[in-house]
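Each chain, letter by letter, is given below.
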Amino acid sequence: MPVIHISTFKIADQEKAQALLEEVTAAMHRVTGVPLDKISAYLTEVEPSRWADAGILGSDPTFQTQSRRKTYVEEKKE
């Protein structure tokens, strides 16, 4: 029985959250052939202040750029 766990920032629109769960379930069914009634999917919505990429919190104003860094050392632009 597949269990699909999606972690994401909060999805404010209920219809979008439902569509995501339906599409992911459909993809699992299509690819694996597992019957729909055996597939479970759920969302864990995480506050941006509790999520980090590259050590930068999702609530940080520089998240979009800083979360793409490769090291802690700043790269010099020439």
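This structure is a prediction, so every number in the text was calculated from the model and none was measured.

## With respect to the overall build of the protein chain
Next up, step 1: Check the secondary structure of the protein chain and you find two helices and four strands.
Next up, step 2: Ordering the α and β elements of the protein chain from the N terminus gives β-α-β-β-β-α.
Next up, step 3: Here the protein chain holds 78 residues, and the buried ones make up 14% of them.
Next up, step 4: Here the protein chain has roughly 6,400 Å² of accessible surface; of this, 54% comes from carbon and sulfur atoms.
Next up, step 5: Distance between charge centroids for the protein chain: 5 Å, based on 10 positive and 12 negative side chains.

## Regarding a nonpolar patch on the surface
Next up, step 1: A cluster of nonpolar side chains, contributed by M1, V3 and Y42, occupies part of the molecular surface with about 350 Å² of accessible area.
Next up, step 2: Tracing the backbone through its elements, the reader meets Y42 in strand β2 (residues 40-46).
Next up, step 3: Classification of Y42 by relative accessible area gives partly exposed; the value is 39%.

## Some points on helix α1 (residues 14-32)
Each α-helix winds once per 3.6 residues, and so residues spaced three or four apart point in a common direction.
Next up, step 1: Compared with an ideal rise of 1.5 Å per residue, which puts 19 residues at 27 Å, α1 spans 27 Å between its outermost C-alpha atoms and is within 8% of the ideal.
Next up, step 2: Taking the backbone nitrogen of E15 as reference, a side-chain oxygen 2.8 Å away marks D13 as the first, capping residue of α1.
Next up, step 3: Of the residues flanking the end of α1, it is G33, one or two places downstream, whose phi is positive at about 80°.

## Remarks on the pairing of β2
Next up, step 1: The sheet contact formed by strand β1 (residues 3-9) and β2 spans seven bridges and is parallel. Within β2, the residue paired with T8 across the bridge is E45.
Next up, step 2: Read as a crossover between parallel neighbours, the route from β1 over α1 to β2 is right-handed.

## So, the pattern of salt bridges
One side chain can pair with another of opposite charge once the charged atoms of both are near each other.
Next up, step 1: Scanning the entire structure with this criterion turns up one salt bridge.
Next up, step 2: In this structure, K10 and E45 form a salt bridge, with 3.8 Å as the shortest nitrogen-oxygen distance. Of this pair, K10 sits in the loop between β1 and α1 while E45 sits in strand β2, placing them 35 residues apart in sequence.
Next up, step 3: On the accessibility criterion, K10 (56% relative accessible area) is exposed.
Next up, step 4: Judged by relative accessible area, which is 36%, E45 ranks as partly exposed.

## Things to note about the environment of L21
Next up, step 1: Its place among the elements puts L21 in helix α1.
Next up, step 2: According to the relative accessible area criterion, L21 is partly exposed, its value standing at 23%.
Next up, step 3: Spatially, the C-alpha atom of L21 lies 7.9 Å from that of L43, the residues being 22 residues apart in sequence.
Next up, step 4: Not counting residues up to four positions away in its chain, the partners in contact with L21 are I6, A41, Y42 and L43.

Cut-offs applied
- Residues numbered from 1 in each chain as written.
- Predicted model: local features only at pLDDT ≥ 70, side-chain atom pairs only at ≥ 80, totals over all residues.
- Heavy atoms only, no water.
- Helix = DSSP H or I, 4+ residues; strand = E, 2+ residues; numbered from the N terminus.
- Buried < 20%, exposed > 50% of the residue type's maximum accessible area, 1.4 Å probe, protein only.
- Areas by Shrake-Rupley, 256 points an atom, 1.4 Å probe, with all protein chains shown as cover.
- Lys, Arg positive; Asp, Glu negative; His and termini not counted.
- Charge placed at Lys NZ, Arg CZ, Asp CG, Glu CD.
- Patch = residues over 30% accessible without salt bridge, like charges linked within 9 Å, V, L, I, M, F, W, Y side chains within 5 Å.
- Salt bridge = Lys/Arg side-chain N within 4 Å of Asp/Glu carboxyl O.
- Expected span 1.5 Å × (residues − 1).
- Polar contact = N/O pair within 3.5 Å; in protein donor to acceptor, adjacent residues only side chain to side chain.
- Pairing = 2+ DSSP bridges.
- Right-handed = clockwise from strand over helix to strand, strands pointing away.
- Contact = heavy atoms within 4.5 Å.

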